Amino acid sequence: MADNIADLILGGDPGAHLLQEASAFDITLTKIRCAACNTVSCLGALAVDGGHREALVKCADCGSELMRATRTQKGCVLELHSARHLYL
Ligand SMILES: [Zn+2]
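About the criteria used
- Residues numbered from 1 in each chain as written.
- Predicted model: local features only at pLDDT ≥ 70, side-chain atom pairs only at ≥ 80, totals over all residues.
- Pairing = 2+ DSSP bridges.
- Helix = DSSP H or I, 4+ residues; strand = E, 2+ residues; numbered from the N terminus.
- Axes fitted to C-alpha atoms, helices over the stretch in contact; angles between N-to-C directions.
- Core = buried A, V, L, I, M, F, W, Y, C linked by C-beta atoms within 7 Å.
- Buried ≥ 20, exposed ≤ 12 C-beta atoms within 10 Å, placed from the backbone.

Q: Describe the sheet that holds strand E7 (residues 83-87), listing the residues and the values that go with them.
A: Taking strand neighbours across the sheet as the criterion, the three strands line up as E2-E1-E7 in an open arrangement whose pairing is antiparallel. With one partner strand each, in any of the chains shown, strand E2 (40-42) and E7 form the two edges of the open sheet. The mean inter-strand angle of the sheet, taken between neighbouring strand axes irrespective of direction, is 25 degrees. Direction of pairing for strand E1 (residues 31-34) relative to E7: antiparallel, over a ladder of four bridges. By the bridge assignment for E7, Arg 33 is matched with His 85.

Set out below in structure tokens:
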């Protein structure tokens, strides 16, 4: 018998659990590696441009667009443009 609803939904699949663990994090504490210049930055320390419908994060070192979050009618879309890795 499953201990919680996540176990029921994920069916005990270790890969699904890893994906769940990788997506349950505080994004402001995440470090991000720029694919263009290889700089690793704390995401919470980077400037965020935009407003209520869109947020854009650029590499502080080279200015490449690392991440863009867009609010749509169907939900939020997160695009990782020049981000090589996220360290959770
Ligand atoms: Zn960069």
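There is more to say after this.
Q: Lay out the nonpolar core in plain terms, naming residues and giving numbers.
A: Grouped together as the largest cluster of nonpolar side chains are seven residues: Ile 32, Cys 34, Val 57, Cys 59, Leu 66, Met 67 and Ala 83. Counting residues per element, the ones that place at least two in this core are E1 and strand E5 (65-72).

Q: Talk me through the pairing of E5; I want residue IDs and the actual numbers.
A: The sheet contact formed by strand E4 (residues 54-58) and E5 spans five bridges and is antiparallel. The residue of E5 that forms the bridge with Glu 54 is Thr 70. From the end of E4 to the start of E5, which pair antiparallel, there are six residues, and Gly 63 there has a positive phi angle of about 85 degrees. Note: E5 against strand E6 (residues 75-80), six bridges, orientation antiparallel. Residue pairing across strands places Arg 68 opposite Glu 79, the latter belonging to E6.

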